[in-house]
Amino acid sequence: MLEKALTGSKKYWVWIFFLLALIGIGVINYLRQFSYGLGITGMSRDVSWGFYISQFTFLVGVAASAVMLVIPYYLHDFKKFGKIVILGEFLAVASVSMCMLFIFVDMGQPMRIMNVILHPTPNSILFWDAIVLNGYLFLNIIVGWTTLGADRKGVPPSAWVKPLIYLSIPWAISIHTVTAFLYAGLPGRHFWLTAVMAARFLASAFASGPSLLIILCLIVRKVSKFDPGKEPIQALGKIVTYAMFANVFLLGLEFFTAFYSNIPGHMHPFHYLYAGLEGHAKLVPLMWASSILAVVALILLINPNMRKNENILAFTCASVFISLWIDKGFGLVIGGFVPNPFEGVTEYWPTLPEALISLAVWCIGFLILTILYKIAVTVREETSSWPELH
Amino acid sequence: MSIDRREFLKFAGASTLLGLGGITAVQELLKTSAGASHVMVDEKALSAKRWAMVIDISKFKTEADYKNVVQACHSIHNVPDIGNPKDEVKWIWTDTYEHTFPGQGNEYMPEGLKHKPFLLLCNHCEQPPCVRVCPTKATFKRKDGIVMMDQHRCIGCRFCMAACPFGARSFNWRDPRPFIKEQNPEYPTRTMGVVEKCTFCFERLAKGLQPACVEKSNGGLIFGDLSDPNSEVRKVLSTHYSIRRKPEIGTQPSVYYIIGGSENA
């Protein structure tokens, strides 16, 4: 089926080469980082994880969200998701690939990355994260590819795929839970030392991923003859509504615990993020933008008339996505480091090479996504006149 | 090439079975391999069940007292002086009371103590979070309690830095070698992209020497075996009130601080 990615309109190729150009710029900058070291980034002794790891953290959520299509379709027989489950699975493949690349570019000694496999260390959450991420990548490639291949031939997928599909459900939950555990179990980092961390991760994942999926569905409808349909998009909209509500609620719990307990260490990161601490306030405008976008999106989502309007829904989904990208793809990781564990404040901001490398990783993700979606959409276009299968 | 005893025996057994026969040759070889499998240990080497350090801050009076200690460590361990806080590498350094013991200060404490520098280094915790999180066992704890770094195995993920509640770890954000003023050929330099920290001078203990900082501290730093009731550290700890950094998080640091009373004010 890969050959379907090799033919396309002029616009398709312009997009592909645009991505390749940005990837090229990123690769050049990565080579500079490779020879100079991670000192090329804005990270420091106090803020030892920066933009790379926060992007990884955010994208694990986007990857996990495929389960929001798989569960209704396979467990509850919600037929309307039949046509777009594949879009969720391929989004997961692209996101997990980005996750791995972000971890890779963050390594001080990337040539030694196999040490994680050569010296398996079950007490390290990073070891488990590597296992679940790789597993999830393979599950989604295999499931997506074989179900799409079967669809193309007009036959139901082979029986052996079913257990893998069911396995992918707890697996999706695990990738985000394990990633949350990277943070949640660290002594001395008050901002992350919270039992609702994994729950927050899942709630934000199930809001941000389906939001992106809705936007992607709308784009697919515009640029191809394949229409994902109004109803699946509306159903996704409801999922985003519930998940976003849960996310804001969980964030509220964190605020309550920090401020009602009045424990300085717990309050410092919140002060730093939303009001500034000891004159350091780099993230304040970003965090407020995130909060305002979240509130606006929630108001629009909760109102069914607004949600049913696809233009408003698209705007809402973009708001949710950007809001969560700021909150989880930046604030959560950086905010945990900036007030350091001994009451000092060291700020962080990504440098230009760091930003360009990150952009390139995103572009590689979009390239994978474009190619996979091109294949899926072409197959869907061919089979659109056929009756529903399985 | 290294081959461990068990693998060697398997090989020997297999070759005997195969009729290659050389059992006596195998025994001959075993003698040498048995000899070589033991690491040479210096007879003078210092050993302990639980190494610990006591920092008596009343003994640190002038800026030079601190400087001597820090310099002794940094010069023999080839710690680079990069000159900016962003890329900084440090094994032992000073900070204020407020930063050393967060949440344990108050505005009415003795003025002298408020502004007195405190020496900070890796705490060699009994329950080290850095060891727990390391995905490659590049950070590990020795039997004698020293939390060690294998810089050749470190992949530079910096999980240990996120996990350490004491900020005891430095990362080589860039090649450190151009920033080493005078290289000590007896201790390895590090490369960019790995984490490093104080190792309680394990290499000096192996030669029967005290840690470099202790040697230069004029009695301000006391080093010894916490499990030995007759050791100097135990004697000092049993006669002075001491505190440790962040006891509430349960890592059980092996570095103790004797704050002293009015003599520090």
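This text follows the structure it describes.
Keep in mind that what you see is a predicted model, and the values were worked out from it rather than measured.

Participant: Please clarify how the overall build of chain B should be interpreted in this entry.
Facilitator: Of regular secondary structure, chain B possesses ten helices and ten strands. Put simply, chain B has 265 residues, and 50% of those count as buried. Counted over contacts in chain B with a minimum sequence separation of 6, partners at least 24 positions apart contribute 64%.

Participant: Explain the overall build of chain A to me, please; I cannot follow it from the model alone.
Facilitator: Each helix and strand counted, chain A has 14 helices and zero strands in total. In summary, chain A has a C-alpha radius of gyration of 21 Å against a globular reference of 21 Å for 390 residues, a match within 12%. The principal-axis extents of the C-alpha atoms in chain A amount to approximately 65 × 50 × 40 Å. Counting all 390 residues of chain A, 59% fall into the buried class. Restricting to contacts in chain A with at least 6 residues of sequence separation, those with at least 24 account for 78%. Put simply, chain A shows about 15,800 Å² of open surface, and 73% of that area lies on carbon and sulfur atoms. Taken together, the 25 basic and 19 acidic charged side chains of chain A have centroids lying 8 Å from each other.

Participant: So what exactly am I meant to see when it comes to the sheet that holds strand E8 (residues 221–225) of chain B here?
Facilitator: Each strand in a sheet pairs with another by means of backbone hydrogen bonds, the pair being arranged parallel or else antiparallel. All names here are of chain B. Strand order in the open sheet formed by four strands is E8-E1-E10-E9, with mixed pairing between adjacent strands. Only two strands of the sheet have a single partner each, and these edge strands are E8 and strand E9 (242–243). Bridge count between strand E1 (residues 51–56) and E8: five bridges; the pairing is antiparallel. Within E8, the position partnered with Ile-55 by the bridge is Leu-221. Packed onto the sheet, helix H10 (residues 232–239) meets E1, E8, E9 and strand E10 (255–258) and runs at close to 115 degrees relative to E8.

Participant: Would you mind going over the nonpolar core with me for this structure?
Facilitator: If you look at soluble globular proteins, the nonpolar side chains tend to sit buried side by side. If you look at the biggest cluster of nonpolar residues, it comprises 146 residues, and the most contacted ones within it are Phe-56, Phe-81, Tyr-183 and Tyr-373 of chain A together with Phe-159 of chain B. Counting residues in hydrophobic clusters, the runner-up holds 43 residues, among them Tyr-66, Val-69, Ile-92 and Cys-125 of chain B.

Participant: What am I meant to see in the environment of Pro-269 of chain A here?
Facilitator: Residue and element names in this part refer to chain A. Examined against the element boundaries, Pro-269 turns out to sit in helix H10 (residues 264–274). When its relative accessible area of 4% is taken as the criterion, Pro-269 is described as buried. C-alpha of Pro-269 to C-alpha of Asn-340: the two residues are 71 residues apart in sequence and 9.1 Å apart in space. Contacts of Pro-269, omitting those with residues within four sequence positions, involve Phe-191, Gly-335 and Pro-339.

Participant: Would you mind going over the interface of chain B and chain A with me for this structure?
Facilitator: Many descriptions give the size of an interface as the accessible area lost when the pieces come together. Chain B puts 47 residues into the contact, and the matching count from chain A is 41 residues. Here chain B and chain A share an interface that buries about 3,500 Å² over both sides, 53% of which is from carbon and sulfur atoms. When the buried area of chain B at its contact with chain A is split by residue, Ile-155, Phe-159 and Trp-173 of chain B rank highest and sum to 20% of it. On the surface where chain B and chain A come into contact, there are one salt bridge. As a salt-bridge pair, Asp-106 of chain A and Arg-158 of chain B come within 2.6 Å of each other at their nearest N and O atoms. Our count for the chain B to chain A interface comes out at 29 residue pairs in polar contact (both at pLDDT 80 or more). Among the elements of the structure, helix H4 (97–100), helix H6 (129–133), helix H7 (159–163) and strand E6 (170–171) of chain B are those that each provide at least two residues to the side of chain B that touches chain A. Per-class residue counts for the side of chain B that touches chain A are 23 nonpolar, ten polar and 14 charged.

Participant: Hey, could you run me through the side chain of Asn-247 of chain A in this one?
Facilitator: Residue and element names in this part refer to chain A. Structurally, Asn-247 can be placed in helix H9 (residues 230–261). Asn-247 gets classed as buried once you look at its relative accessible area, which sits at 5%. Apart from the residues within four sequence positions on either side, Asn-247 is in contact with Arg-200, Ala-203, Ser-204 and Leu-324.

Participant: Can you walk me through helix H6 (residues 125–153) of chain A in this structure?
Facilitator: Since the α-helix packs 3.6 residues into each turn, any two residues three or four apart lie on the same face. Across its 29 residues, H6 of chain A extends 42 Å between first and last C-alpha, which sits within 8% of the 42 Å expected from 1.5 Å per residue. Gly-154 of chain A lies just past H6 of chain A and shows a positive phi near 75 degrees.

Participant: Which parts of the structure should I look at to understand the pairing of E10 of chain B?
Facilitator: Successive side chains on a regular strand alternate, one facing one side of the sheet and the next facing the other. Residues and elements named next belong to chain B. The side-chain alternation of E10 yields two buried faces, one formed by Val-255 and Tyr-257 and the other by Tyr-256 and Ile-258. Pairing geometry for E1 and E10, over four bridges, is parallel. Paired with Val-54 across the two strands is Tyr-256, which belongs to E10. Relative to E10, E9 runs antiparallel, the two being bridged by two bridges. In the sheet register, Ser-242 faces E10, and the bridge partner there is Ile-258.

Participant: Can you walk me through the pattern of salt bridges in this structure?
Facilitator: Charged atoms that come close allow side chains of opposite charge to pair. Here the structure, examined in full by the defined rule, presents 21 salt bridges over all chains. Put simply, Lys-4 of chain A and Glu-382 of chain A hold a salt bridge, and the shortest N to O gap is 3.3 Å. In this pair, Lys-4 of chain A is assigned in the segment before helix H1 (10–36) and Glu-382 of chain A in helix H14 (residues 352–383), connecting sequence segments 378 residues apart. A salt bridge links Arg-204 of chain B to Glu-215 of chain B; the shortest N-O distance between them is 2.6 Å. Linking Arg-204 of chain B in helix H8 (residues 202–205) with Glu-215 of chain B in helix H9 (residues 212–215), this pair joins segments that are eleven residues apart in sequence. Overall, the relative accessible area of 48% leaves Glu-215 of chain B in the partly exposed class. Overlapping salt bridges bring together Arg-221, Asp-227, Lys-230 and Glu-310 of chain A as one network.

Participant: I keep staring at the packing of helix H2 (residues 51–64) of chain A against helix H8 (residues 197–223) of chain A and nothing clicks. Help me out?
Facilitator: Angle between the axes and distance between the axes are the two parameters that describe a pair of packed helices. All names here are of chain A. At a closest axis distance of 7 Å, the pairing of H2 and H8 adopts a crossing angle of 70 degrees. Between H2 and H8, the interaxial angle falls into the category roughly perpendicular. H8 is crossed by H2, and the crossing has right-handed handedness. On H8, the residues touching Thr-57, Phe-58, Gly-61, Val-62 and Ala-64 of H2 are Phe-201, Ala-205, Phe-206, Ser-208, Gly-209 and Leu-212.

Participant: In this structure, what is going on with the packing of aromatic side chains? I would like to understand it.
Facilitator: Note on aromatic pairs: each is described by the distance of the centres and the angle between the planes. Summed over all chains, the structure comprises 38 aromatic pairs over all chains. Measuring from ring centre to ring centre gives 5.1 Å for Phe-256 of chain A and Tyr-260 of chain A, while their planes differ by 10 degrees; the resulting arrangement is stacked. With Phe-256 of chain A and Tyr-260 of chain A both in helix H9 and four residues apart, the pair spans about one turn of that helix. Here the two residues Phe-256 of chain A and Tyr-260 of chain A agree in accessibility, since each one is exposed. Seen from their ring centres, Phe-200 of chain B and Phe-223 of chain B are 5.0 Å apart, and the 80 degrees between their planes marks the pair as edge-to-face. You can see Phe-200 of chain B sitting in the loop between strand E7 (195–196) and H8 and its partner Phe-223 of chain B sitting in strand E8, a full 23 residues away along the chain. The class for Phe-200 of chain B is buried, based on a relative accessible area of 2%. Taken together, the ring pairs connect Trp-49, Tyr-183, Trp-192, Phe-201 and Phe-337 of chain A together with Phe-159 of chain B into an aromatic cluster. The lysine or arginine in question, Arg-158 of chain B, covers the ring of Phe-171 of chain B, its NZ or CZ lying 5.1 Å from the ring centre.

Conventions used here
- Residues numbered from 1 in each chain as written.
- Chains lettered and ligands numbered in written order.
- Predicted model: local features only at pLDDT ≥ 70, side-chain atom pairs only at ≥ 80, totals over all residues.
- Heavy atoms only, no water.
- Helix = DSSP H or I, 4+ residues; strand = E, 2+ residues; numbered from the N terminus.
- Buried < 20%, exposed > 50% of the residue type's maximum accessible area, 1.4 Å probe, protein only.
- Contact = heavy atoms within 4.5 Å.
- Rg over C-alpha atoms; globule rule 2.2 N^0.38 Å.
- Areas by Shrake-Rupley, 256 points an atom, 1.4 Å probe, with all protein chains shown as cover.
- Lys, Arg positive; Asp, Glu negative; His and termini not counted.
- Charge placed at Lys NZ, Arg CZ, Asp CG, Glu CD.
- Pairing = 2+ DSSP bridges.
- Axes fitted to C-alpha atoms, helices over the stretch in contact; angles between N-to-C directions.
- Core = buried A, V, L, I, M, F, W, Y, C linked by side-chain atoms within 4.5 Å.
- Buried area = accessible area lost by both parts, 1.4 Å probe.
- Salt bridge = Lys/Arg side-chain N within 4 Å of Asp/Glu carboxyl O.
- Polar contact = N/O pair within 3.5 Å; in protein donor to acceptor, adjacent residues only side chain to side chain.
- Nonpolar A, V, L, I, M, F, W, Y, C, P; charged D, E, K, R; others polar.
- Expected span 1.5 Å × (residues − 1).
- Parallel < 35°, antiparallel > 145°, perpendicular 65-115°, else oblique.
- Left-handed = near helix turned anticlockwise from the far one by under 90°.
- Phe/Tyr/Trp six-rings, centres within 6.5 Å; stacked < 30°, edge-to-face > 60°.
- Lys NZ or Arg CZ within 6 Å of the ring centre and 35° of its normal.

Geometry only, nothing functional implied.
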